[in-house]
2 protein chains.
Amino acid sequence: MEVSDLIARARDGQPRAVARLISMVENGSPRLREIMAELRTDRPHRARIIGLTGSPGVGKSTSTGMLVQAFRKRDKKVGVLAVDPSSPFTGGALLGDRVRMQDHACDPEVFIRSMASRGHLGGLSWATPQALRVLEAAGCEVILIETVGVGQAEVDIASLADTTVVLLAPGMGDGIQAAKAGILEIADVFVVNKADRDGAQATIRELRNMLALVERVWRPPIVPTVAYRGEGAEDVVNALDEHLAYLEESGELARRRQVRARDEIEAIALAALRSRFAHLHGDRRLDVLADRVLDGDLDPYTAADELMEAIG
Amino acid sequence: MEVSDLIARARDGQPRAVARLISMVENGSPRLREIMAELRTDRPHRARIIGLTGSPGVGKSTSTGMLVQAFRKRDKKVGVLAVDPSSPFTGGALLGDRVRMQDHACDPEVFIRSMASRGHLGGLSWATPQALRVLEAAGCEVILIETVGVGQAEVDIASLADTTVVLLAPGMGDGIQAAKAGILEIADVFVVNKADRDGAQATIRELRNMLALVERVWRPPIVPTVAYRGEGAEDVVNALDEHLAYLEESGELARRRQVRARDEIEAIALAALRSRFAHLHGDRRLDVLADRVLDGDLDPYTAADELMEAIG
């Protein structure tokens, strides 16, 4: 199928066309340039981008499902990107493949898509913005990006989303402590899921104490939920709305979007340079440099200089 | 102090000199090039690099401490790099700052260092190899890299280490399932810590079943431990030795080291290009491009072309 046909069908909201385009993003199709040029003026940045992150076991998928339902009640067209950096070696999955998302699998106003983040420099930062463009072109008004993560993935999601939700659950061991510095910086909204369990109040209290030590203009609210029963859904959406209002009033939304566009441009430029490394002079050149570094014949900085001269 | 003095002291095993040099790596000191040129021929690749990774709460630090002790018993000089990607926003910590490492804080044959992975493209892959060079110059024969992680950090550690140990613990919820694809690919040795707890056998069984589905030349052993009591330490070290023997016999060690050197050279080259983006024409140029992308006036690929022309 022609790219222009595919885009027309995606704009028309046909799930298979949306899925095909996102696969092309994931696989780094040579036609991406053409696709992105075509989508350039498509409802740019209409969608609210909401990131959800947290350690394994906190109930991310269930919470995502709960939020999809809440936004559907408000008649919003919703996109879900489940970026799963824990599967760096598996390819992309099909649209609607997530078991816990079954409820929405037949709703034409919900697009659900798993994306594997390639285990490579700039994988997530390179592919995700383009997948977001496809979902925006398909008319999504809210896009949820779900990611497993303590660590780099969290930072990445914070730079991709307008609002970042950090999920916690009681009884996750020293998870809060371990993740402390990171989550305090990136969370716009905290959700303490499984709030019907022992220890939920303690988790909320610990979080509140940690937050008291940080100075931030926006104070992240802490919202308890029981996602599998849908409890707290409205509270989360209200907290998200408040944060959006703050972003708009403070000018922070415009700033975040500019940073995001900068990151996207940089990621594409770096990916182009990487492929020059790999292809222009063939992989050989780099192998030879690597061997010389291993032999102690070159230091890595001089090797990098030679590499850059080689790609000119 | 002159760089050459600092290096002489580090080679002499003085912890403060080692700490200073690693700080310079972390902070991207302009003198790094000089330092790395100087270290070029310093016992290159003498050290065994062992990565330890796992979700928060599995007992990584305790297990690292246990392994330090086991290698000290064998009279090895040991380095520990605790790369903590969950604190992307905090700077480096002092040598020997890890509470649970107290036991070794006064041992002159153990270097312990926390490193914050900068929340940026290439942070870990750029800084860690250089920190390893410093530790090798200081005479470390075994270097343990400890990292929190499900996700990207795991992949990174696998590319930096000769042997990657994935830690699990019973009762971590759906952690294994969530992390499945990733950990099966990168683990050379599995350690099931807290093996005195309920569910340890079930975790081992689950892991064994998962492993049965994968075809790999090296079959990762599964070693139960109770790290806080030091139980299983010798079994882990034996498993590490077996893996090292396999790496050497199969030629895989040479291959891994070549890939590592390539990655290091690429990471330095990409970092240099990034700083050209940021500095050569000033940040302005990129801001203007970002605004044009946001306005739908440019697609991101064309913007990336313009950026690359600008740094030409």
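Above: the structure in question.
Read on for a plain summary of the structure. Bear in mind the structure is a predicted one, so any value in this text is a computation, not a measurement.

With that settled, consider the nonpolar core. Nonpolar side chains in soluble globular proteins tend to end up buried together. Formed by 104 residues in total, the largest nonpolar core has its most connected members in A:I35, A:L81, A:I265, B:I35, B:L81 and B:I265. Look past the residues within four positions of A:L81 in its chain and what remains in contact with it is A:I22, A:R113, A:M115, A:T128, A:A131, A:L132, A:L135, A:L144, A:I145 and A:E146.

For the rest of this paragraph, the subject is unusual backbone geometry. Residue and element names in this part refer to chain B. One non-glycine residue with positive phi stands out, namely D75, at about 65 degrees. In this structure, K194 takes a positive phi of about 60 degrees despite not being glycine. Structurally, the position occupied by K194 is in the loop between β6 (189-192) and α8 (200-212).

With that settled, the discussion passes to helix α8 (residues 200-212) of chain A. Side chains of residues three or four places apart in an α-helix project in the same direction, reflecting 3.6 residues per turn. All names here are of chain A. Counted at 1.5 Å a residue, the expected span for α8 with its 13 residues is 18 Å, and the 18 Å between its end C-alpha atoms agrees. Within α8, the full set of buried residues consists of A200, T203, I204, L207, M210 and L211. Down the axis of α8, the buried set is contained in an arc of 125 degrees. They therefore lie on one face. Exposed residues pointing more than 90 degrees away from the buried face of α8 are listed as Q201, R208, N209 and A212.

All names here are of chain A. Taking burial as the measure, the 7 residues of strand β1 (residues 48-54) include 7 buried ones, the bulk of the element. Of the two faces of β1, the one lined by R48, I50, L52 and G54 and the one lined by I49, G51 and T53 are each fully buried. The pairing of β1 with strand β5 (residues 163-168) spans 4 bridges and is classified as parallel. Among the inter-strand pairings, G51 is bridged to a residue of β5, identified as T164.

This next bit is on helix α1 (residues 3-11) of chain A. Residue and element names in this part refer to chain A. Those residues of α1 that sit buried are V3, L6, I7 and A10. An end-on view of α1 places all buried positions within 95 degrees of arc, on one side of the element. Of the residues flanking the end of α1, it is G13, one or two places downstream, whose phi is positive at about 85 degrees.

Cut-offs used in this document
- Residues numbered from 1 in each chain as written.
- Chains lettered and ligands numbered in written order.
- Predicted model: local features only at pLDDT ≥ 70, side-chain atom pairs only at ≥ 80, totals over all residues.
- Heavy atoms only, no water.
- Core = buried A, V, L, I, M, F, W, Y, C linked by side-chain atoms within 4.5 Å.
- Buried < 20%, exposed > 50% of the residue type's maximum accessible area, 1.4 Å probe, protein only.
- Contact = heavy atoms within 4.5 Å.
- Helix = DSSP H or I, 4+ residues; strand = E, 2+ residues; numbered from the N terminus.
- Expected span 1.5 Å × (residues − 1).
- Arc of directions from axis to C-beta.
- Pairing = 2+ DSSP bridges.

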